[in-house]
Amino acid sequence: MAGEVFEISSYSLNIYALPTFVLACIIPLLLLMVIFRERITSLSMSFSVLGFFTCLWFLAFSLMYCSINPHVALWWAKAAYLGVPFIPAAVYHFTVSVLRSYRQNRKFVLAGWAVSLLFSVIAAGTDMMITGVNKYWWGFYPSYGWPGALFIAFFLVMMLAVLRHYLHEYRKDSAALQKLRTGSFFWAFLIAFAGFVDFLPKYGTAVYPFGYLPIFIFIILSARSIWRYHLEDITPAFVAERIVRTISDGLLVLDQQKIIRIVNRAAADIFGTSEDMLRDQPITSIMDDRLVCAHYETLMRSGAVRDIEMDYIDHQGNNKVLIHSLSVIRDQTGNPFATVCVIRDITERKRAEKELKSHRDNLEELVKERTEELTFINEQFENQIEERRAIEEALKASEERYRFLVENQNDLIIRLNASFRITFISPNCRQIFGRNEADFIHKHFIHIFNTAEQDRLEKTLRLFLGKNPNMTYHENQVETREGAIWYGWSSRGIPDKNGKIVEIITVGRDMTRRKTAEERLKNSHKVLINVLDGIDAIVYVADIKSYEILYINKHTRNIHGDIRGKLCWEAFHGRTSGPCDFCTNDKLLTPEGSPGDVHHWEFNNTTNKRWYDIRDRAIEWVDGRLVRLEIATDITELKEAEEMLRSMTFIDDLTGLYNRRGFMTLSRQQLKASSRAGAKMLLIFADLDNMKWINDNLGHPEGDRALISAGKILRETFRESDLISRIGGDEFVILAIETPDMGRDSIAARLQSHISSFNEKKGLPYDISLSIGTSHFDPAHPRPLEDLLSEADSLMYESKQEKKIR
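Notes on the structure follow. (Residues numbered from 1 in each chain as written. Predicted model: local features only at pLDDT ≥ 70, side-chain atom pairs only at ≥ 80, totals over all residues. Heavy atoms only, no water.)

In this structure, the largest pocket spans a volume of roughly 1400 Å³. Along its surface, the largest pocket is lined by 49 residues, and Glu4, Asn69, Glu731, Asp793 and Met796 are the ones closest to its centre. Among the elements of the structure, helix H1 (2-5), strand S1 (130-136), strand S2 (139-144), helix H22 (660-677), strand S18 (681-688), helix H23 (691-698), strand S19 (723-728) and helix H26 (785-805) are those that each provide at least two residues to the lining of the largest pocket. No other element matches H26, which puts 11 residues into the lining of the largest pocket. For the lining of the largest pocket, the residue count by class is 18 nonpolar, 16 polar and 15 charged. (1 Å grid on protein atoms, 1.4 Å probe; cavity = no way out; pocket = protein on both sides within 12 Å on 5 of 7 lines; lining within 4 Å. Points joined across faces, edges and corners; volume = space filled by probe spheres on them. Helix = DSSP H or I, 4+ residues; strand = E, 2+ residues; numbered from the N terminus. Nonpolar A, V, L, I, M, F, W, Y, C, P; charged D, E, K, R; others polar.)

This is the structure we're talking about:
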């Protein structure tokens, strides 16, 4: 029995088990929420016990609904009653705890638990209360015997007692919060009453047991009430304790003998020890007599001494500065009863004051130094003025030398005013354009360019003048006497003393060869892109240093969208950081840092679960930087085919029949074929009798021999076209085409004939015996293979039980 309970084949998915299973998973989360809210108290624990038994009920009934065998369902029905009988006792216990009447009702609480235990023992340990299970449209459900009526009466009495308690408390509560809390619990338990509908199917009424829903609503409403209203009332002692623990200053309360009686956590932190180590110790154990003796008499006379500053060294050797304030508490006769000492650690404040004084002194010293520096700088500035005058004279003297260099430069040099009018043009510039100097001077700079370039160039110059840059660069095509030539122009603004640009120097360099090379490179790049777009594989290019994706082909875009600009580990693996531990960038470059050979490898992407055959190589991209070119071909289907070939073992090694995998695979195909052909099928579930006796008394080798013999008998009984399998242990399943000579009765007779013949000939110390059950497959009303197996298994089990009775 236990083996069947824990076998997967004993269960099938059932939509009606889903609500109870989901609630069994949600309830523990609600219990954790309540414990988090209320901490570990007797109230939160009593609510958690109630939730535990409810969760056990839901979980066991979920498995009962999914059971396909009645005996497995019965096992889970009894398992549920390890928790169900305790629910009324747990509800009553929780109620008197919430209403703070546990002491008055303690005997009733214990009696409730005792009765619940009695019903649990009867239900789970005997067949008196749960006599069996009935099969309803939503699954198996337990049926009650005569003790069930007593349990229902017990359940009803406990629930009525709970409602009576809440109603009585609600009427006498005067505080608004308590009244709201009591009322919310009353309605929650009243809703739970609807759970009594679950008792109807236990007496044969086919009403769907939706009792889990009001019970779950009760749990939700109770948890909400606990979260909203709490379970602990605010009292003066409660508040005082929280205040003592909350204040940030240290607090010590001394008795008349100067013994510490009350201490908070802050005081323990200040003195570098624990509360338990300070409590019941004399005050002199943590500080010297100056505080205790020097001010004690004053304290007794005036009643308070404030802001006494003292140095202190704690147990860890840390120097601290503490401020103490003392006040005396007197009894009703006016005599001193206790002393309250409030301690504040001002070490950081003292340190900050010391640092502030140090910074103030440093600032005054810095001001003095800066004043001396400014005096020195002023003197240096006057000297620089004299030097500048000398430099200007030297510049004037060297202007002719610079003019000589400009006029003999191969680059084009043009000087413009603030209106972009030409004020100077180098001789070689005049030669290239084939014009005189008069054709350029005072003309606008843009007129030496093609008409198509003039508008764009004028916008560039306006932007340049507006930004007042140090230098700008642009490329334009100009018409010379030798044709159109590309020039790169570097322009620098010359500002006046106010920072306004008054003159612009522009130098042009022939860029035709570079432009031609760039155009060829772009054309080669376009060809490469067209080739990569035609590849039916993932192709992408990523910067080797930054891992940014620069290019993806058409196939990659169809799969991942436009992921350019993203980092490769984000786009392909969904990671937030990288690089990946399997990155191949370090394998693509030679020790000198140049591109190496192709790196070929296989990879299983854990994000999309696909296998790829990958070839990586470092290449130089169109902009000159090194990139990784990766071509990844999807080989998932090939891998799956290889895996299927490795795992496709359909034959049972012992009997030579099909094993479970072989039978499940081939029988599904056979059922599909019979549906198309309109052929009826029979599924026979056979179980070898007395297998345990054979193994225990004659040994497992003899048990194997019995299984082999059973397989041989089945081969002789059925046709070669029938599927005969050993699906596990001593169980055999046959799928046969139903014909007039191969009906249910004829198969049973034929099988028994072969078994009798075998037993007469072999002379074994035992007889081979098989218990069988059959199910019918009609193409007009097809059913899943699992349903056929479940039906045949149930009938086989009934046949086996009948043999035991005889």
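And the narrative resumes.
Quick look at a nonpolar patch on the surface now. Together, Ile15, Leu18, Phe21, Val22 and Leu59 give the surface a local cluster of nonpolar side chains, amounting to about 440 Å² of exposed area. Here the nonpolar patch takes 3 residues from helix H2 (residues 18-38), the largest share from any one element. Relative to the helices and strands, Leu59 resides in helix H3 (residues 42-66). (Patch = residues over 30% accessible without salt bridge, like charges linked within 9 Å, V, L, I, M, F, W, Y side chains within 5 Å. Areas by Shrake-Rupley, 256 points an atom, 1.4 Å probe, with all protein chains shown as cover. Salt bridge = Lys/Arg side-chain N within 4 Å of Asp/Glu carboxyl O.)

Our next topic: the sheet that holds strand S20 (residues 731-737). Strands sit in the order S19-S20-S18-S21 across an open sheet of 4 strands; the sheet is antiparallel. Looking at the sheet topology across the chains shown, the edges are occupied by S19 and strand S21 (770-777). Across the sheet, the mean angle separating the axes of adjacent strands is 20° when strand polarity is ignored. With 8 bridges joining them, S18 and S21 adopt antiparallel strand pairing. Each bridged residue has a counterpart across the sheet, and for Ala686 the counterpart in S21 is Ile772. The sheet strands contacting H22 are S18, S19, S20 and S21, and the helix crosses S19 at an angle near 140°. Contacting S18, S19, S20 and S21, helix H24 (residues 700-717) crosses the sheet at an angle of about 10° to S20. (Pairing = 2+ DSSP bridges. Axes fitted to C-alpha atoms, helices over the stretch in contact; angles between N-to-C directions. Contact = heavy atoms within 4.5 Å.)

Glancing now at the sheet that holds strand S15 (residues 599-605). Within the open sheet, the 5 strands sit side by side as S14-S13-S17-S16-S15. Their pairing is antiparallel. The sheet terminates laterally at strand S14 (549-552) and S15, the two strands that pair on one side only. Recorded for the sheet is a direction-independent mean angle of 25° between the axes of neighbouring strands. Of the pairings in the sheet, the one linking strand S16 (residues 610-620) to strand S17 (residues 626-634) comprises 9 bridges and is antiparallel in character.

With 18 residues, H22 should cover 26 Å at 1.5 Å per step; its first-to-last C-alpha distance of 25 Å lies within 8% of that length. Residues of H22 that are buried include every one of Gly662, Phe663, Met664, Leu666, Ser667, Leu671 and Ser674, and no others. Elements that come into contact with the buried residues of H22 comprise S18, S19, S20, S21 and H26. Where H22 begins, the side chain of Asn659 points an oxygen toward the backbone nitrogen of Arg661, at a separation of 3.3 Å. Immediately beyond the C-terminal end of H22, within one or two residues, lies Gly678, with a positive phi of roughly 75°. (Expected span 1.5 Å × (residues − 1). Buried < 20%, exposed > 50% of the residue type's maximum accessible area, 1.4 Å probe, protein only. Polar contact = N/O pair within 3.5 Å; in protein donor to acceptor, adjacent residues only side chain to side chain.)

Another aspect to go through is the pairing of S15. Across 7 bridges, S15 lies against S16 in antiparallel orientation. By the bridge assignment for S16, Asn605 is matched with Arg610. Where S15 hands over to S16, the hairpin turn is made up of 4 residues, of which Lys609 adopts a positive phi near 60°.

Across the junction of Gly578 and Pro579, the peptide omega takes the value 5°, indicating a cis bond. The residue Pro579 is located in the loop between helix H20 (568-573) and S15 in this model. A positive phi is found at Tyr547, a non-glycine position, where the angle reads about 65°. For Tyr547, the location among the structural elements is in the loop between strand S13 (538-543) and S14. At Asn690, a residue that is not glycine, the phi angle is positive and equals roughly 60°.

At a closest axis distance of 8 Å, the pairing of H3 and helix H4 (residues 70-80) adopts a crossing angle of 170°. Taken together, the axes of H3 and H4 are roughly antiparallel relative to one another. Residues Trp57, Ala60, Phe61, Leu63 and Met64 of H3 touch H4, and the partners they reach there are Ala73, Trp76, Ala77, Ala79 and Ala80. In the contact of H3 with H4, the residues fall into 10 nonpolar, no polar and no charged. (Parallel < 35°, antiparallel > 145°, perpendicular 65-115°, else oblique.)

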